[in-house]
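Breakdown of the fold
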Amino acid sequence: MAVPGRLGAGTGFGLALGGAIFACPANHRHGDIGCAIEPLPKGEDSVLAQLAAMGVATANVTLHVGAGTFQPVKTENIAEHTMHSEWYDIPVSTQEALHACRQRGGKVWAVGTTSVRTLESWAQTGQAQGDTEIFITPGFEFKWVDRLITNFHLPKSTLMMLVSALAGYEHVMRLYAHAISKQYRFFSYGDAMLLKRA
């Protein structure tokens, strides 16, 4: 489902979440080369503010985004692509909230690919803090993330591969075709899409 980034009341972005938790990128920190880009508008009319008003829980994670995230994959075989190391942290309070969410049958919604890489790094290593070189490509088995709200990413990027791994390549290509036909805004400050794990 593609949703315009200009989400507000009456835009048709209604969610029945029943116990879902949103893992959101924390504020920009020293060591992070990218700003903590959320594909959602800010302020009290933002989707996250509306969800908080509905009682939906949120929790923060941190990932110091490395330059490799924004560089195109240049290898013919994606398995030969090397990711830069990125430092991540999942606070104890977030870990507890995530486990409680799962115990009550809730879904984990990641806001941004940064959150996905952080949560899935934790799932792979069992470490809530450390360095990761996670490269999520089609065939990846997701352990934490059920849904993703993210922007439309550059072709041949590691982030395009991540969204294709989560929602399926053909589905993502249909979303991109729709977004192009409707003139959605792309890239870091563009419109958002909601993806469900395939």
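Residues numbered from 1 in each chain as written. Predicted model: local features only at pLDDT ≥ 70, side-chain atom pairs only at ≥ 80, totals over all residues. Heavy atoms only, no water.

Two quantities define a packed helix pair, namely the angle between the helix axes and the distance between the axes. Contact geometry for helix α4 (residues 158-167) and helix α5 (residues 169-181): axes closest at 7 Å, N-to-C directions at 115 degrees. Contact residues: α4 offers Met160, Val163, Ser164 and Ala167, while α5 offers Tyr169, His171, Val172, Met173 and Tyr176. Here the residues of the contact of α4 with α5 are counted per class, giving seven nonpolar, two polar and no charged. (Axes fitted to C-alpha atoms, helices over the stretch in contact; angles between N-to-C directions. Helix = DSSP H or I, 4+ residues; strand = E, 2+ residues; numbered from the N terminus. Contact = heavy atoms within 4.5 Å. Nonpolar A, V, L, I, M, F, W, Y, C, P; charged D, E, K, R; others polar.)

Moving on, we get to the pairing of strand β8 (residues 192-196). For β8, the buried fraction is high: four of the five residues fall into the buried class. The sheet contact formed by strand β7 (residues 147-151) and β8 spans five bridges and is antiparallel. Bridge pairing in β8 places Arg147 opposite Lys196. (Buried < 20%, exposed > 50% of the residue type's maximum accessible area, 1.4 Å probe, protein only. Pairing = 2+ DSSP bridges.)

Glancing now at the packing of aromatic side chains. Under the counting rule described, the total for this entry stands at four aromatic pairs. Centre to centre, the rings of Phe140 and Phe142 are 4.9 Å apart; their planes meet at 75 degrees, and the pair counts as edge-to-face. Neither residue differs from the other here; Phe140 and Phe142 are each classed as buried. For the ring pair Phe152 and Tyr184, a centre distance of 6.1 Å and an interplane angle of 65 degrees mean the geometry is edge-to-face. A residue pair is termed long-range when its members are at least 10 positions apart, and Phe152 in the loop between β7 and α4 and Tyr184 in the loop between α5 and β8 qualify at 32 residues. Using a relative accessible area of 0% as the deciding quantity, one classes Phe152 as buried. By way of ring pairs, the aromatic residues Phe152, Tyr176 and Tyr184 are connected into one cluster. (Phe/Tyr/Trp six-rings, centres within 6.5 Å; stacked < 30°, edge-to-face > 60°.)

Next up on the list: the environment of His64. Following the sequence through the fold, His64 ends up in the loop between β3 (57-63) and β4 (86-89). For the pair His64 and Ser85, spaced 21 residues apart in sequence, the C-alpha to C-alpha distance is 9.2 Å.

Here the focus is unusual backbone geometry. Residue Lys156 is not a glycine yet carries a positive backbone phi of 65 degrees. Turning to its location among the elements, Lys156 is positioned in the loop between β7 and α4. Even without being glycine, Gln183 reaches a positive phi, approximately 60 degrees. For Gln183, the location among the structural elements is in the loop between α5 and β8.

Attention now moves to the pattern of salt bridges. For the structure on display, the rule yields four salt bridges. The salt bridge partner of Lys143 is Glu141, with a shortest N-O separation of 3.6 Å. Relative accessible area serves as the criterion here: at 59%, Glu141 is assigned to the exposed category. If you follow the salt bridges from partner to partner, you end up with Arg102, Asp146 and Arg197 in one network. (Salt bridge = Lys/Arg side-chain N within 4 Å of Asp/Glu carboxyl O.)

Function cannot be read off these values alone, since they describe shape.
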